Amino acid sequence: MDIETIIKQAEKKQNEIYKKSEKMEKIAVMGGTFDPIHHGHLVIAEQIRCEYNLDKVIFIPAGIPPHKTGLPVSDSKHRYAMALLATVTNPYFEVSKIEIEDASISYTIHTIKKLKQIYKDNTELFFITGADAICDIETWKDVDELLHICHFIAATRPGLESPFVDRKIKELQKKYKADIYQMDVPALAISSTDIRRRVTQNQSIKYLVPESVEYYIYKNGLYR
Ligand code: ATP
Ligand code: MG
């Protein structure tokens, strides 16, 4: 089956889930560049979904990532397609085009506000990040407001010492009176940066990304 057909089928399935989602209460959002999406993203999202009893997790690839302006980022159509391919086998995962359809810089505060308009008031919104992202959050737009309009769940990430992350989270909780939960997930030292480097250097990326994503990367000549 060709990629276009796979994507069409994945989107069809996602639309069906979207229709069913009206009564859902706990929804988590996972934002990122996803260049490419990898098993680190997928494992933390699934672990958090189960632990927090979430109705679904929405992956939102950034259109123009605020922290990566000036850096080369793959076309959003590829990042979106890879996210769809990676998540299609999980009925609780969805991918949203909300940021890639917007021509402006993808600020999380704008996205969360839009989602709050889409979903009913009785929907509790959570935002999933890795430890690196939560430690960086004070550089995000309107951090004070952002930390109050949704809960944050920060997953451990190899490379960041947990005492440092614990301290940072406590500091944020105190300073902003924010709701930030911490979650230990099996340490997966996988990053998109490393995957891009491996492809460029002709090294294997097997088992770091889903097979469908690996195939898509080669088929479209990404990261060469
Ligand atoms: P890059 O190397 O290009 O920055 P990345 O692997 O960090 O890519 P992003 O798209 O930047 O992936 O990350 C999206 C979100 O996923 C961020 O909140 C990041 O902290 C989190 N994340 C990514 N990889 C992991 C991992 N292996 N463990 C825990 N969290 C992760
Ligand atoms: Mg990153």
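Cut-offs and rules
- Residues numbered from 1 in each chain as written.
- Chains lettered and ligands numbered in written order.
- Predicted model: local features only at pLDDT ≥ 70, side-chain atom pairs only at ≥ 80, totals over all residues.
- Heavy atoms only, no water.
- Phe/Tyr/Trp six-rings, centres within 6.5 Å; stacked < 30°, edge-to-face > 60°.
- Helix = DSSP H or I, 4+ residues; strand = E, 2+ residues; numbered from the N terminus.
- Buried < 20%, exposed > 50% of the residue type's maximum accessible area, 1.4 Å probe, protein only.
- Arc of directions from axis to C-beta.
- Contact = heavy atoms within 4.5 Å.
- Polar contact = N/O pair within 3.5 Å; in protein donor to acceptor, adjacent residues only side chain to side chain.
- Salt bridge = Lys/Arg side-chain N within 4 Å of Asp/Glu carboxyl O.
- Pairing = 2+ DSSP bridges.
- Axes fitted to C-alpha atoms, helices over the stretch in contact; angles between N-to-C directions.
- Near = heavy atom within 4 Å.
- Areas by Shrake-Rupley, 256 points an atom, 1.4 Å probe, with all protein chains shown as cover.
- Nonpolar A, V, L, I, M, F, W, Y, C, P; charged D, E, K, R; others polar.

> So what exactly am I meant to see when it comes to the packing of aromatic side chains here?
According to the stated counting rule, one finds 6 aromatic pairs in the structure shown. Both rings, one in Tyr-52 and one in Tyr-181, keep their centres 5.6 Å apart while their planes meet at 55°; by these two values the pair is tilted. Taken together, the residues span a long stretch of sequence, with Tyr-52 in the loop between helix 2 (39–51) and strand 2 (56–61) and Tyr-181 in strand 6 (residues 180–183) at a distance of 129 residues. In this structure Tyr-181 comes out as partly exposed when scored by relative accessible area, which is 29%. Ring centres of Phe-127 and Phe-152 lie 5.4 Å apart, and the angle between their planes is 45°; on these two criteria the pair is classed as tilted.

> Would you mind showing me how to read helix 8 (residues 192–200) here?
Within helix 8, burial applies to Ser-192, Ile-195 and Val-199. The buried residues of helix 8 all sit within an arc of 60° when viewed along its axis, so they share a single face. Looking at the buried residues of helix 8, the elements they touch are helix 2 and helix 9 (211–219).

> I tried to follow the side chain of Arg-49 on my own but got confused; where do I start?
Position of Arg-49 among the secondary structure elements: in helix 2. There is a polar contact of 2.9 Å between the side chain of Arg-49 and the side chain of Glu-46. The contacts of Arg-49, once residues within four sequence positions are left out, are Leu-54, Val-57, Tyr-92 and Phe-93.

> Can you help me understand the pattern of salt bridges in this one?
Should the charged atoms of two oppositely charged side chains come close, the side chains can pair. Overall, the coordinates contain 11 salt bridges when judged by the stated rule. Between Asp-132 and Arg-157 there is a salt bridge, with the nearest N and O atoms lying 3.2 Å from each other. Linking Asp-132 in helix 5 (residues 131–135) with Arg-157 in the loop between strand 5 (151–155) and helix 7 (162–176), this pair joins segments that are 25 residues apart in sequence. What makes Asp-132 partly exposed here is its relative accessible area of 36%. In this structure Arg-157 comes out as partly exposed when scored by relative accessible area, which is 29%. Between Lys-168 and Glu-171 there is a salt bridge, with its nearest N and O atoms 3.3 Å apart.

> Is there a simple way to explain the sheet that holds strand 6 in this structure?
As summarised here, the arrangement of the 6 strands in space is 3-2-1-4-5-6, forming an open sheet in which the pairing is parallel. Two strands close off the open sheet at either side, each with one partner strand: strand 3 (93–95) and strand 6. For this sheet, the mean inter-axis angle between neighbouring strands, taken without regard to orientation, is 25°. Across 6 bridges, strand 1 (residues 26–32) lies against strand 2 in parallel orientation. What sits directly across from Ile-27, in strand 2, is Lys-56. Contacts between helix 3 (residues 76–87) and the sheet are confined to strand 2 and strand 3, with strand 3 contributing the most and set at about 165° to the helix.

> I would appreciate a short explanation of the site of ligand 1 in the present structure.
Ligand 1 sits among 22 residues. The nearest are His-38, Asp-132, Leu-188, Ser-192 and Thr-193. A distance of 2.3 Å is found between an oxygen atom of ligand 1 and a side-chain nitrogen or oxygen belonging to Thr-193. A distance of 3.0 Å is found between an oxygen atom of ligand 1 and a side-chain nitrogen or oxygen belonging to Arg-196. Relative to its unbound accessible surface of 590 Å², ligand 1 loses 90% to contact with the protein. Of all the secondary-structure elements, those providing two or more residues to the shell around ligand 1 are strand 1, helix 2, strand 4 (124–130), helix 5 and helix 8. Here the shell around ligand 1 is composed, by residue class, of 6 nonpolar, 12 polar and 4 charged.

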